[in-house]
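Chains, contacts and geometry: an overview
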Amino acid sequence: METISIARGGPADAGAIADLSRAAFDAAFAADNTPENMKLFMEGPFSRERLMAEVHAGDSEYFIARKGDRLAGYATLRAGDTLPELAGVPARELGRLYTDPEMKGLGIGSKLMQACIDRAVALGAGWLWLGVWEHNAAAFAFYRKWGFERFGSHIFELGTDPQTDWLMRRRLP
């Protein structure tokens, strides 16, 4: 059985990251959203070109999970905005944590989460925070298992549909 390896990712991985992002997003959210709003989002903010440009911009650190030679998932860590609810304590945002839909249940998300926590601690962050769609029960349960608590919300535009993302945070050692 092939093991899951975690490494830093970058511009050379941009195409694979974009493709996995789009496949994972579609698998997770298409059934709960209109085809029109999914199309608007996938052709606009979540287009392959924009996702690849994000990787090349260098605003986030990428952690890549591989099973053998195959991209199995990835996570992003960014400095992000300082939120008032984090009381001025240095923080990092877990921007995305996506797993290949065909590889769910292999512990990939947990390995990526640990890599992000370790890096945030190494950077001196006191908080790790994220946003998760209020209707994404599986993701919410995963983050709760990792010690995240809900502390607020913000609006995420999916096409023409304003949706509520819950903000969650975890205190770091």
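The structure we're discussing is the one just above.
Residues numbered from 1 in each chain as written. Predicted model: local features only at pLDDT ≥ 70, side-chain atom pairs only at ≥ 80, totals over all residues. Heavy atoms only, no water.

A count of helical and extended segments in the chain gives five helices and seven strands. Helices and strands in the chain line up, N terminus first, as β-α-α-α-β-β-β-α-β-α-β-β. For 173 residues, the compact-globule estimate of 2.2 N^0.38 gives 16 Å, and the chain sits close to it at 16 Å. When the backbone C-alpha atoms are referred to their principal axes, the chain occupies close to 40 × 40 × 30 Å. (Helix = DSSP H or I, 4+ residues; strand = E, 2+ residues; numbered from the N terminus. Rg over C-alpha atoms; globule rule 2.2 N^0.38 Å.)

Within the largest apolar cluster, 27 residues are counted, with the highest numbers of intra-cluster contacts made by Leu-94, Met-113, Leu-128, Tyr-143 and Phe-148. Counting residues per element, the ones that place at least two in this core are β2 (61-67), β3 (70-78), β4 (91-99), α4 (108-122), β5 (127-133), α5 (137-145) and β7 (161-171). Top element by residues in this core is α4. It accounts for seven residues. What Leu-128 contacts, discounting residues up to four positions off in sequence, is Leu-77, Arg-92, Glu-93, Leu-94, Met-113, Ile-117, Ala-120, Phe-148, Met-168, Arg-169, Arg-170 and Leu-172. Ala-14, Leu-20, Ala-24 and Phe-25 belong to the second-largest nonpolar core, a separate cluster that totals 20 residues. (Core = buried A, V, L, I, M, F, W, Y, C linked by side-chain atoms within 4.5 Å. Buried < 20%, exposed > 50% of the residue type's maximum accessible area, 1.4 Å probe, protein only. Contact = heavy atoms within 4.5 Å.)

The next subject is helix α2 (residues 35-43). The α-helix winds at 3.6 residues per turn, so residues separated by three or four positions along the chain end up facing the same way. Those residues of α2 lying buried are Asn-37, Met-38, Phe-41 and Met-42. Take α2 and look down its axis: the buried residues cluster within an arc of 125 degrees, on one side only. Residues Pro-35, Glu-36 and Glu-43 are exposed on α2 and point more than 90 degrees away from its buried face. Contact partners of the buried residues in α2: α1 (14-29), β6 (149-158) and β7. (Arc of directions from axis to C-beta.)

On the basis of which strands lie adjacent, the open sheet formed by seven strands has the order β1-β2-β3-β4-β5-β7-β6 and mixed pairing. Both outer strands of the open sheet, β1 (4-9) and β6, are each paired with one neighbouring strand and no more. Ignoring which end each strand starts from, the neighbouring axes of this sheet average 30 degrees apart. Of the strands in this sheet, β2, β3, β4, β5 and β6 are in contact with α1, which crosses β3 at around 90 degrees. Of the strands in this sheet, β6 and β7 touch α2, which is tilted by about 90 degrees from β6. (Pairing = 2+ DSSP bridges. Axes fitted to C-alpha atoms, helices over the stretch in contact; angles between N-to-C directions.)

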